[in-house]
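# Report on the structure
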Amino acid sequence: NEVKDLTMQGRVAEAKAAMNDQVSRHGASLSRIVMEWTRLNETLATNAGNEAIDSIEKSKRNQLISVGGALALSGILGWLTFRKIITPLRALQSSVETISRGDYAKGVPFTADSDEIGALARAVDVLKDGASAMAEQRWVKSHAVQLTGELQGATSLKEFGERLTAGLVPVLGGGVAGLYTPDVESAHLSRVAAYGLADAGDPTKPLALGEGLIGQCASERKPIMLKDVPPDYCRIVSGLGSAPPVRVGVWPLISRDEVLGVFEFASFRVLS
């Protein structure tokens, strides 16, 4: 419980020190018990030999059996100790070290156990989830700051769209994208920037509100997500090959209840 509480408080170094102290004390206690048990068996064997002097062979056999039993018991106790305590603790230590290196993909072992090891493992799992969430927030904030700084230097809507798509698509894992902005007078949307489109079509063709995914997204003012995209929908092309995307997303860009644009993104991966 002490180790768990320290871990929950983020005091990992103190938790590890407390854990090591407990293991050392219990290990010393187990060693003392084994030594006492061995001495007890040696005493019993000696007494049996003195009382049965007329049967030396039998006494020798009993002594050998006693010593062998003591050694076997010592071995079994050591194996059980290693399996029940040392092995789980080493696994949890390895998990904590993995978390400290910033790797949050690997699961924490022994979280389903109902004993103290399981409680400690669940505390480490909570620590991992918290560290993962903090790392994700740092990732989002750092990229948001970088992208915002790049957008502030744009001098035209076209340059703004090009900087937005060029900065956002690589961060999202790659793919193709387009940015569409509305024409207030005609209530249509036109593409002002694209990223990675092999067959860009006619960028000047306007789309009315409610027309296609872009127009529908602007009309409903909510994201539209497509999965299991058919192969002929579009293709992501590079110098080495091409393939259709697996996910397509369309998001409205809204400020003060006004639709400023629509961002369309297609990629090989599912966004978190």
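Anyway, here's the lowdown on the structure attached to this text.

The rules behind each value
- Residues numbered from 1 in each chain as written.
- Predicted model: local features only at pLDDT ≥ 70, side-chain atom pairs only at ≥ 80, totals over all residues.
- Heavy atoms only, no water.
- Helix = DSSP H or I, 4+ residues; strand = E, 2+ residues; numbered from the N terminus.
- Expected span 1.5 Å × (residues − 1).
- Buried < 20%, exposed > 50% of the residue type's maximum accessible area, 1.4 Å probe, protein only.
- Contact = heavy atoms within 4.5 Å.
- Phe/Tyr/Trp six-rings, centres within 6.5 Å; stacked < 30°, edge-to-face > 60°.
- Core = buried A, V, L, I, M, F, W, Y, C linked by side-chain atoms within 4.5 Å.
- Pairing = 2+ DSSP bridges.
- Axes fitted to C-alpha atoms, helices over the stretch in contact; angles between N-to-C directions.
- Parallel < 35°, antiparallel > 145°, perpendicular 65-115°, else oblique.
- Left-handed = near helix turned anticlockwise from the far one by under 90°.
- Salt bridge = Lys/Arg side-chain N within 4 Å of Asp/Glu carboxyl O.
- Patch = residues over 30% accessible without salt bridge, like charges linked within 9 Å, V, L, I, M, F, W, Y side chains within 5 Å.
- Areas by Shrake-Rupley, 256 points an atom, 1.4 Å probe, with all protein chains shown as cover.

## What about unusual backbone geometry?
Even without being glycine, Arg221 reaches a positive phi, approximately 60°. You can see Arg221 is positioned in the loop between helix 6 (212–220) and strand 4 (224–227). Its identity is not glycine, yet Arg256 carries a phi of approximately 55°, on the positive side. If you trace the backbone, Arg256 turns up in the loop between strand 7 (247–255) and strand 8 (258–267).

## Describing helix 5 (residues 157–171)
Helix length check: helix 5, at 15 residues, gives a terminal C-alpha distance of 21 Å against a target of 21 Å (1.5 Å per residue), a fit within 8%. Buried within helix 5 are the following residues: Gly161, Leu164, Thr165, Gly167 and Val169. In this fold, the buried residues of helix 5 make contact with helix 4 (116–152), strand 1 (176–183), strand 2 (188–195) and strand 8. Immediately beyond the C-terminal end of helix 5, within one or two residues, lies Gly173, with a positive phi of roughly 105°.

## Topic: the packing of aromatic side chains
The final tally for this structure, using the stated rule, is two aromatic pairs. An aromatic cluster is present here, built from Trp251, Phe263 and Phe265 joined pairwise through their rings.

## With respect to the nonpolar core
The tendency in soluble globular proteins is for nonpolar side chains to be buried side by side. Membership of the largest hydrophobic core comes to 15 residues, with the highest contact counts inside it found for Val3, Met19, Leu89, Leu92, Val108, Leu120 and Val124. Excluding its chain neighbours within four sequence positions, the residues that come into contact with Met19 are Val3, Leu89 and Leu120.

## Observations regarding helix 4
Helical geometry note: an α-helix holds 3.6 residues per turn, so side chains three or four residues apart project in the same direction. Relative to the 54 Å expected for 37 residues at 1.5 Å per residue, helix 4 spans 54 Å between its end C-alpha atoms, a close match to the ideal helical length. When helix 4 is considered as a whole, its buried residues turn out to be Ile117, Gly118, Ala119, Leu120, Ala121, Ala123, Val124, Lys128, Ala131, Leu147 and Leu151.

## Things to note about the sheet that holds strand 8
The strand order across the open sheet formed by six strands is 3-2-1-8-7-4, and the pairing between neighbours is antiparallel. Edge strands, defined here as strands with exactly one partner in the open sheet, are strand 3 (207–208) and strand 4. Bridge count between strand 1 and strand 8: five bridges; the pairing is antiparallel. The residue bridging Val176 from the neighbouring strand is Ala266, located in strand 8.

## What to know about the environment of Leu197
Considering the arrangement of structural elements, one finds Leu197 in the loop between strand 2 and strand 3. Once the C-alpha coordinates of Leu197 and Ile236 are considered, the two residues, 39 residues apart in sequence, prove to be 7.2 Å apart. For Leu197, the residues in contact, after removing those within four places along its chain, are Val176, Ala177 and Arg191.

## Description of the packing of helix 4 against helix 5
Taken N-terminus to C-terminus, the directions of helix 4 and helix 5 make an angle of 160°; their axes are 9 Å apart at the nearest point. In terms of orientation, helix 4 lies roughly antiparallel with respect to helix 5. Once helix 4 is placed against helix 5, the crossing between them reads as right-handed. Listed contacts from helix 5 to Trp139, His143, Leu147, Glu150 and Leu151 of helix 4 are Phe160, Arg163, Leu164, Gly167, Leu168 and Val171.

## Let's talk about the pattern of salt bridges
Following the criterion strictly, the structure yields five salt bridges and no others. As a salt-bridge pair, Glu159 and Arg163 come within 2.8 Å of each other at their nearest N and O atoms. With Glu159 and Arg163 both in helix 5 and four residues apart, this pair spans about one turn of that helix.

## Observations regarding the pairing of strand 1
Here is the key point about a regular strand: its side chains alternate between the two faces of the sheet. With six of eight residues buried, strand 1 lies mostly within the body of the structure. Two elements, strand 1 and strand 2, share seven bridges in a ladder whose sense is antiparallel. Each bridged residue has a counterpart across the sheet, and for Ala177 the counterpart in strand 2 is Tyr195.

## A short note on the side chain of Thr165
Topologically, Thr165 is positioned in helix 5. Every residue in contact with Thr165, bar those within four places of it in the chain, is listed here: Pro170, Leu179, Ala193, Ala194, Tyr195 and Phe263.

## Observations concerning a nonpolar patch on the surface
Together, Trp37, Leu40 and Leu44 give the surface a local cluster of nonpolar side chains, amounting to about 300 Å² of exposed area. Residue position: Leu40 is located in helix 2 (residues 12–51).

## Things to note about the pairing of strand 2
When strand 2 meets strand 3, the two strands line up antiparallel, connected through two bridges. Each bridged residue has a counterpart across the sheet, and for Leu189 the counterpart in strand 3 is Leu207.

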